[in-house]
Amino acid sequence: MKKIAIYGKGGIGKSTIVSNVAVALAQQGFRVMQIGCDPKADSTIGLRHGEALPTVLATYREKKDEFALEEVAGIGYAGVVCMEAGGPLPGVGCAGRGIITALEKIEAKGIYEKYQPDVVFYDVLGDVVCGGFSMPMRSGYADEVYIVTSGENMSIYAAANIATAVTNFAGRGYAKLGGIILNQRNARDEKRKVRELCGDFHTDIAGEIPFSQLVQDAEERNMTLIEMEPESDVAEAFRGLAKRFYVKETWTE
């Protein structure tokens, strides 16, 4: 089992990328799980055609430890196992601490043993890498961290903060930085800026997702792009990125 955490500035396209890569892997026969680690709880909405899932934290608040995994896990498009950590009640509690609680509760209930995924994606809000939101980087959770960014300044700034957090964990047996994912927004000097970011942290561009209206069209239809337009260049870019995440001899063209 390989565990991968995807970080990046809010609104940069993490969930879209994770969902499409999850489908690409599932279509190759891999067992894939996607866990949304954002209080908005919308990471898996495109995989489930707009149907929301009960979040782990809301279910835990209602039932404490007396809930079953089937109550918070759902099956999405292509058989991807979907789950949303959720967040605290508005104005009450810490969202970062909520991520810790959610991941601890599902692990204690044997989530990975039950579904036996080949690959797990943690889709993590990354504007602020506090203790809670850094949870998936820690030993026993993700093996690698990938950071999504465009060439826009605020996105680059957030990506650098996240990369610094990963670097600070180096040597503790925590997740390592796997690479930077460029989600193109047609910003000026976009690729040069992202290459410079990679150079600062001794990593590379793991994949490039071209800017396309098709992505927005798919989101409006509550679908992944790979489902809506499987033959498009953007779908092929997602498949290429999927190969970076998880490659086996069984991958077919």
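*Asks:* I would appreciate a short explanation of the pairing of strand β4 (residues 81–84) in the present structure.
*Replies:* Note on strand geometry: in a regular strand, side chains alternate between the two faces of the sheet. Here β4 shows no split at all, with Val-81 and Met-83 on one side and Cys-82 and Glu-84 on the other all buried. Note that strand β2 (residues 32–37) and β4 share four bridges and pair parallel. Residue Met-33 lies in a different strand from β4, and its bridge partner there is Val-81. Summarising the sheet, strand β3 (residues 73–75) and β4 pair through three bridges and their orientation is antiparallel. In the sheet register, Ala-73 faces β4, and the bridge partner there is Met-83.

*Asks:* Help me out: how do you make sense of the packing of helix α5 (residues 153–168) against helix α6 (residues 190–200) in this one?
*Replies:* Pairs of packed helices are described in terms of their axes, by the angle between the two and the distance that separates them. Remark: α5 packs on α6, axes separated minimally by 11 Å, with the N-to-C direction vectors making an angle of 15 degrees. When the axes of α5 and α6 are compared, the pair comes out roughly parallel. Viewed along their axes, α5 and α6 form a crossing whose handedness is right-handed. In contact with Asn-153, Ile-156, Ala-159 and Ala-160 of α5, α6 contributes Lys-193, Val-194 and Leu-197. Broken down by class, the residue content of the contact of α5 with α6 amounts to five nonpolar, one polar and one charged.

*Asks:* Any chance you could explain the side chain of Lys-14 here in plain terms?
*Replies:* Checked against the element boundaries, Lys-14 lands in helix α1 (residues 14–26). For the buried Lys-14, no salt bridge is present, and the opposite-charge side chain at shortest range is Asp-123, 5.0 Å distant. A polar contact is formed between the side chain of Lys-14 and the backbone oxygen of Gly-8, at a distance of 3.2 Å. Separated by 3.3 Å, the side chain of Lys-14 and the backbone oxygen of Lys-9 make a polar contact. If near-sequence neighbours (up to four positions away) are discounted, Lys-14 is found in contact with Ile-6, Tyr-7, Gly-8, Lys-9, Asp-123, Val-124, Leu-125 and Val-148.

*Asks:* Help me understand helix α7 (residues 213–220), please; the structure alone is not making it clear to me.
*Replies:* Side chains of residues three or four places apart in an α-helix project in the same direction, reflecting 3.6 residues per turn. Sitting at the head of α7, Ser-212 places a side-chain oxygen 3.1 Å from the backbone nitrogen of Leu-214. Just downstream of α7, Asn-222 is the residue with a positive phi angle, here 55 degrees.

*Asks:* Just checking my understanding: could you explain the packing of aromatic side chains for this structure?
*Replies:* Using the criterion set out here, one finds four aromatic pairs in the structure. Ring plane angle 65 degrees and centroid distance 6.3 Å describe the contact between Tyr-122 and Tyr-141, whose orientation is recorded as edge-to-face. You can see Tyr-122 sitting in strand β5 (residues 119–124) and its partner Tyr-141 sitting in the loop between β5 and β6 (144–149), a full 19 residues away along the chain. Taken together through their ring pairs, the aromatic side chains of Phe-121, Tyr-146 and Phe-245 make up a single cluster. The ring of Tyr-60 carries Lys-64 above its face, with NZ or CZ at 5.5 Å from the centroid. Residue placement shows Lys-109 over the ring face of Phe-67; its charged tip is 4.7 Å from the ring centre.

*Asks:* Even after reading the chapter, I still don't get the nonpolar core, so can you show me in this structure?
*Replies:* Generally speaking, soluble globular proteins have nonpolar side chains that are buried together. Residues Ile-35, Leu-103 and Tyr-122 are the most contacted members of the largest nonpolar core, which totals 46 residues. Broken down by element, this core gets its largest block of residues, six residues, from α5. Residues within four places of Ile-35 in sequence aside, it is in contact with Met-83, Leu-103, Ile-106, Tyr-112, Val-120, Phe-121, Tyr-122 and Asp-123. Of all hydrophobic cores here, the second largest spans 38 residues; its members include Ile-17, Val-18, Ala-26 and Leu-225.

Conventions and cut-offs
- Residues numbered from 1 in each chain as written.
- Predicted model: local features only at pLDDT ≥ 70, side-chain atom pairs only at ≥ 80, totals over all residues.
- Heavy atoms only, no water.
- Buried < 20%, exposed > 50% of the residue type's maximum accessible area, 1.4 Å probe, protein only.
- Helix = DSSP H or I, 4+ residues; strand = E, 2+ residues; numbered from the N terminus.
- Pairing = 2+ DSSP bridges.
- Axes fitted to C-alpha atoms, helices over the stretch in contact; angles between N-to-C directions.
- Parallel < 35°, antiparallel > 145°, perpendicular 65-115°, else oblique.
- Left-handed = near helix turned anticlockwise from the far one by under 90°.
- Contact = heavy atoms within 4.5 Å.
- Nonpolar A, V, L, I, M, F, W, Y, C, P; charged D, E, K, R; others polar.
- Lys, Arg positive; Asp, Glu negative; His and termini not counted.
- Salt bridge = Lys/Arg side-chain N within 4 Å of Asp/Glu carboxyl O.
- Polar contact = N/O pair within 3.5 Å; in protein donor to acceptor, adjacent residues only side chain to side chain.
- Phe/Tyr/Trp six-rings, centres within 6.5 Å; stacked < 30°, edge-to-face > 60°.
- Lys NZ or Arg CZ within 6 Å of the ring centre and 35° of its normal.
- Core = buried A, V, L, I, M, F, W, Y, C linked by side-chain atoms within 4.5 Å.

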